[in-house]
Amino acid sequence: MADLKGPDKSNRFEFIKQGVSRVIALGLGMLGGFTAFASRRSNTVWQIDPSKCVQCEHCSTDCVVSPSAVKCVQSYPVCGYCQLCFGYFQPNAPELTAAAENQLCPTDAIERIFVDDPYWEYNIEEDKCIGCAKCVQACEMFGNASFYLQVRHDVCVNCNNCSIAMQCPSDAWERVPADDPYILKHIPRQTAGLRIAPPQFHV
Amino acid sequence: MFELSSDKVMSKRFALISLVILTYFMSNFATTSLAEDVMRFPAPEFSTAYDFPDTTIPAPTTQTAQWIDVFLLTLALSVASWLAVKKRSRRGIFWLSIICLIYFGFIKQGCVCPIGSIQNVALGIFDSNYAIPMTVLLFFIIPLAFALFLGRVFCSSVCALGAIQDLVILKPINLPKKLTMALSMIPYIYLGSAILFAATNTGFIICRYDPFIGFFRLNGNAPYLYLGAGFLLSGVFIARPYCRFFCPYGVLLGWMSQFSRWHLAITPTECVDCRLCEASCPFDYIDKPNTGLDRENRETGVHRLGYLFAMIPVLVILGGWIGHRMSVPMSSYNNTVFLAEQVIAEQMDSALEPTLQTETYRSMGMSEDELLTKAALVRSRMNMGGWLLGGFLGLIFGVKLIKISTVRSRKDYEVHRSTCFSCARCCSYCPSDEMWKSNFVPGSEAYSQAMSLLEPGKFSESNTAKETVESKV
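Residues numbered from 1 in each chain as written. Chains lettered and ligands numbered in written order. Predicted model: local features only at pLDDT ≥ 70, side-chain atom pairs only at ≥ 80, totals over all residues. Heavy atoms only, no water.

## A look at the overall build of chain B
The criterion, for reference: We count a stretch as a helix when DSSP gives it H or I for four or more residues in a row; a strand needs E for two or more, and each element gets its number in order from the N terminus. Think of it in three bands: residues with accessible area under 20% of the maximum for their type are buried, residues over 50% are exposed, and the middle band is partly exposed, with areas taken using a 1.4 Å probe on protein chains only. The contact criterion used throughout is that any non-hydrogen atoms of two residues lie within 4.5 Å. For the accessible areas, the method is Shrake-Rupley and the probe is 1.4 Å, while residue cover comes only from the protein chains on display.
Secondary structure assignment for chain B yields 21 helices and two strands. Counting all 473 residues of chain B, 48% fall into the buried class. Here the contacts in chain B between residues at least 6 apart in sequence split such that 79% fall between residues at least 24 apart. Summed over its atoms, the accessible surface of chain B is roughly 24,200 Å², and 64% of this surface lies on carbon and sulfur atoms.

## A short note on the overall build of chain A
Of the regular secondary structure elements, chain A holds four helices and six strands. The 203 residues of chain A split such that 53% are buried. Per element, the accessible surface of chain A, about 9,200 Å² overall, is 57% carbon and sulfur.

## Concerning the pairing of strand E2 (residues 70-74) of chain A
Residues and elements named next belong to chain A. Using the following cut-off: When DSSP finds two or more bridges between a pair of strands, those strands are recorded as paired.
Most of E2 sits inside the fold, with five of its five residues counted as buried. The two faces of E2 match: Val70, Cys72 and Gln74 on one face and Lys71 and Val73 on the other face are all buried. Note that E2 and strand E5 (residues 147-151) share five bridges and pair antiparallel. Considered in E5, the bridge of Val73 is made with Tyr148.

## Focus: the side chain of A:Asn144
The line we're drawing: Any N or O atom pair separated by 3.5 Å or less is treated as a polar contact, with the protein-specific requirement of one donor-capable and one acceptor-capable atom, and with residues adjacent in sequence counted only for side-chain atom pairs.
Considering the arrangement of structural elements, one finds A:Asn144 in the loop between helix H3 (134-142) and E5. Residue A:Asn144 is classed as buried on the basis of its relative accessible area of 3%. A distance of 2.9 Å separates a polar atom in the side chain of A:Asn144 from the backbone oxygen of A:Val78. Only 2.7 Å separates the side chain of A:Asn144 from the backbone nitrogen of B:Phe41, close enough to count as a polar contact.

## Comments concerning the pattern of salt bridges
Note the threshold: Take a side-chain nitrogen of Lys or Arg and a carboxyl oxygen of Asp or Glu: if they are within 4 Å of each other, that pair is a salt bridge.
In this structure the tally under the stated criterion is 13 salt bridges over all chains. Among the ionic pairs, A:Glu126 bridges to A:Arg152, the shortest N-O distance being 2.9 Å. Taken together, the residues span a long stretch of sequence, with A:Glu126 in the loop between strand E4 (119-124) and H3 and A:Arg152 in the loop between E5 and helix H4 (163-167) at a distance of 26 residues. Its salt-bridge partner being B:Arg240, residue B:Asp166 comes within 3.0 Å of it at the nearest N-O pair. Here B:Asp166 is found in helix H7 (residues 160-167), whereas its partner B:Arg240 is found in the loop between helix H12 (222-235) and helix H13 (241-245), with 74 residues between them in sequence.

## Some remarks on the environment of B:Met326
All names here are of chain B. Along the chain, Met326 falls in helix H15 (residues 298-331). Under the relative-accessibility criterion, Met326 is labelled partly exposed at 43%. C-alpha separation for the pair Met326 and Met382, spaced 56 residues apart in sequence, amounts to 9.2 Å.

## Remarks on the packing of aromatic side chains
Condition: Centre distance within 6.5 Å is the pairing criterion for rings of Phe, Tyr and Trp, where only the six-membered ring of Trp is used; planes under 30 degrees apart are then read as stacked, over 60 as edge-to-face, and the remainder as tilted. Our definition puts a charge over a ring when NZ of Lys or CZ of Arg is within 6 Å of the ring centre and also within 35 degrees of the ring normal.
By the definition in use, this model includes 30 aromatic pairs over all chains. Between B:Tyr242 and B:Phe246, the aromatic rings sit 6.2 Å apart at their centres with planes inclined by 15 degrees, giving stacked as the arrangement. Linked through ring pairs, A:Tyr81, A:Tyr119, B:Phe46, B:Tyr50 and B:Phe52 together constitute an aromatic cluster. The aromatic ring of A:Trp120 is capped on one face by A:Arg112, whose charged end is 3.8 Å from the ring centroid. A cation over an aromatic ring shows up here: B:Arg240 above the ring of B:Phe421, its NZ or CZ 4.3 Å from the ring centre.

Dropping the structure here:
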């Protein structure tokens, strides 16, 4: 059985050791207290601020998860439901069909559904999306900018040092509170106030 | 590229509606940052009922899960302390390390770990914009507190990085003392640089160059996977190379463990100097008795110590100056400084192709003054940090020299408290330990070693040791 009574206090070195030990314990406590004072109770996660994103493709190449935890999301209230979607079709696409040579998306991750003449709904199939932002860029340049990139937290492993954030040329990556983990277009942050419901268009 | 007029579907009949809807959108969302977005196409006017699908928002790991991890860390550390200090059970430590490797390594995929949390704490202290999450702070402090009282039990079995290396120790070799001395400076350099880089918001280098995270995630960039494989391969011969020669958290744990109140001991009773534990430590962290050795002339020793003490300020200033000289190249790792350097380089040399970074910077409309001020601020902080880092390393180097040149008398075999991982390998080698017999089954390496020690002339001082061993074998 090990001796759990502690070191012999009569020894000079042990005495000094104990003293230093207490000082360190105090210091550790103070450091903890000081940092705890400035700490937040909620954890943080990584997110992309779509207003800063420049669609550089680093999100698809630098993530430790493969395919990337960054996916394109569709902001339905912003979408124009265009028949000729610039995010969906290649420039100068031979015809407006779902054939691969017509699509801009390299992984066929955008689903195109007919809604109502002449409107088409575009959904992102996140299993296929690699976060290359080709559709995002096209939609920003020529459309309503309803496509944008977000970190999907069901995929993201929340690295302490996000390897995409390190490479981001426009400083669009930031740590956000885990209880409000998305920066959604046209939906104010929950922490900033009430969520506004997307407008409904019924005829 | 695109001919907007070719889109005949978006006909003019929607123009009026679009205007109305645009106004509606603008009024609704004027508060958001994206109100300036151009709505090139009007919102659709469906003839049938249509509900806008919701944008799904999968939730991240909940706060509760983080607190469960803190609880499990504390639990694992408590069990490890009990196994190492009280039970002295290598088998228990081994199985605990497997469990922790699976949970903290493969299931939690290694983030946040106490090693990386150093940087969160540094960033939390120096960057007022970053508030460190409470759970991460606890991950940093709890293992240190355990080390202060019970030794480095975190290293013994709770750390996933240590556990994965501990598994591959097959043929450990003893490295030359001088080499290990030189290599033991690396963790201090790593720790200091990691704090400096985190404090200047340059990056988290401990996480970036973590060699094993790729294995835990079964995924990763090729260079880092090769790095990890290299560590594991060399770990077959050089026991736990990352822990001993790189781990920055090990430095902090060592400082704590040095003053630990209770610590794993080789022998449960009194040491009989039988030497059986000598070769049991694959890390070479067992200090041998030195009472029988010749002692050098006292005056020479005092003189040398005097010189070494006088050298410390010189080393600190020299180190600080080197750190100061290194600060400019180091600051290039900061994105802001790197961008400013590129922008200036492109102004000087018009032949340079603009990079993605500089193009982005120009499109973002940040003024050059603002960028250069920001970069200069980082540089000045890096310069200050360089002085401090260099001075710190100079001090550590000086203290190490003094430690080498001074010897405290020691009459028994003892673990080297500041470095001992508390892995409990040595425990069952002690003939006074209950588990001893299990280690010395005939045919095992330890057994033949023990027998060779029993040969005449091997025991120089103690006869009781010989008798103890003889009576037990």
